[in-house]
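# Structural description and commentary
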Amino acid sequence: MTEKKQRVIQEYVPGKQLTLAHIIANPDEALYTKLGIGQAGAIGILTLTPTETAIIAADIATKAAAIEIGYLDRFTGSLVICGTVSDVDMAIQAINQFLSRHLKFEPAEITRS
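Residues numbered from 1 in each chain as written. Predicted model: local features only at pLDDT ≥ 70, side-chain atom pairs only at ≥ 80, totals over all residues. Heavy atoms only, no water.

So the rule is basically this: UniProt positions are given in the numbering used here, feature names are shortened, and annotations may be inferred rather than shown by experiment.
By the naming in an unreviewed UniProt entry, the protein chain is BMC circularly permuted domain-containing protein, taken from Neobacillus vireti LMG 21834. If you open the UniProt record of the protein chain and go to Subcellular location (unreviewed entry), you find "Bacterial microcompartment".

### Notes on the sheet that holds strand 3 (residues 68–73)
To keep it simple, the criterion reads: If DSSP finds at least two bridges between two strands, the strands pair. Helix numbering and strand numbering both begin at the N terminus, where a helix is a DSSP run of H or I of at least 4 residues and a strand a DSSP run of E of at least 2. Angular values range over 0 to 180 degrees, each being the angle between N-to-C directions of two axes fitted as lines to C-alpha atoms, with helices fitted over their stretch in contact. Every residue pair with non-hydrogen atoms within 4.5 Å of one another is taken to be in contact.
The five strands lie next to each other as 3-4-2-1-5, forming an open sheet whose pairing is mixed. Both outer strands of the open sheet, strand 3 and strand 5 (110–112), are each paired with one neighbouring strand and no more. This sheet shows a mean twist of 15° between the axes of neighbouring strands, independent of strand direction. Here strand 2 (residues 42–49) runs beside strand 4 (residues 78–83); their pairing, made up of six bridges, is antiparallel. The residue of strand 4 that forms the bridge with Leu 46 is Leu 79. Set on the sheet, helix 2 (residues 53–64) makes contact with strand 2, strand 3 and strand 4; between it and strand 3 the angle comes to about 175°.

### With respect to the pairing of strand 3
Looking down a regular strand, the side chains alternate between one sheet face and the other. Strand direction decides the pairing type here: strand 3 and strand 4, joined by five bridges, are antiparallel. Counterpart to Ile 69 in the pairing with strand 4 is Ile 81. Counting the residues that bridge the hairpin from strand 3 to strand 4 gives four residues, and of these Gly 77 lies at a positive phi of roughly 80°.

### Some thoughts on helix 3 (residues 85–102)
Counted only if it meets this: Expected span of a helix, by definition, is 1.5 Å for each gap between consecutive residues, and there is one gap fewer than residues. Three labels apply to residues, based on accessible area from a 1.4 Å probe with only protein chains included: buried if under 20% of the type maximum, exposed if over 50%, partly exposed otherwise in between.
The end-to-end C-alpha distance of helix 3 is 26 Å, a good match for the 26 Å that 18 residues give at a rise of 1.5 Å each. Every buried residue belonging to helix 3 is among Asp 87, Val 88, Asp 89, Ala 91, Ile 92, Ala 94, Ile 95, Asn 96 and Leu 99, and all of these are buried. Where the residues of helix 3 are buried, they touch strand 1 (17–25), strand 2, helix 2, strand 4 and strand 5.

### Some details on unusual backbone geometry
Negative phi characterises most residues that are not glycine, and trans characterises most peptide bonds. In this chain, Thr 49 is followed by Pro 50 through a cis amide linkage whose omega measures -5°. Although it is not a glycine, Asn 26 adopts a positive phi angle of roughly 50°. Mapped onto the elements of the fold, Asn 26 is located in the loop between strand 1 and helix 1 (29–35). You will see that Lys 104, though not glycine, has its phi angle at about 60°, which is positive. You can see Lys 104 is positioned in the loop between helix 3 and strand 5.

### Here's the deal with the nonpolar core
One recurring pattern in soluble globular proteins is that nonpolar side chains are buried together. Defined as follows: Residues grouped as a nonpolar core are buried Ala, Val, Leu, Ile, Met, Phe, Trp, Tyr and Cys residues, joined through side-chain atoms within 4.5 Å.
One finds Leu 46, Leu 48, Leu 79, Ile 81 and Ile 95 to be the most contacted residues of the largest nonpolar core, which totals 23 residues. Of all the secondary structure elements, the ones that give two or more residues to this core are strand 1, strand 2, helix 2, strand 4 and helix 3. With six residues, helix 3 is the single largest residue contributor to this core. Residues contacting Leu 79, with those up to four places away along its chain left out, are Gly 44, Ile 45, Leu 46, Leu 48, Ala 54, Ala 57, Ala 58, Ile 69, Tyr 71, Leu 72 and Ile 95. Counting residues in hydrophobic clusters, the runner-up holds seven residues, among them Ile 24, Ile 43, Val 80 and Cys 82.

Encoded structure:
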């Protein structure tokens, strides 16, 4: 008797959400070196869905504060920004506000370490 193979299709349906908004203040040199970014007073890490929203968030961040984009991936929704602690904080707050007010996203609590 032959076994009938089943095919399973998985689909990811993201909501409009800023899932993670975290600030690492005064990161260790090993961390920013491993990330391939220059020395920074702070690193901001964000995860967004739909994933293309990372592009919008990067634009908002660069207009809101003197930050640099350390990493941007429109396929995973990951965004890493770096700069001073106050600039990274200001940029993430601006992203959170814009996305929730104008695009009706669910905002994220900004966490810190």
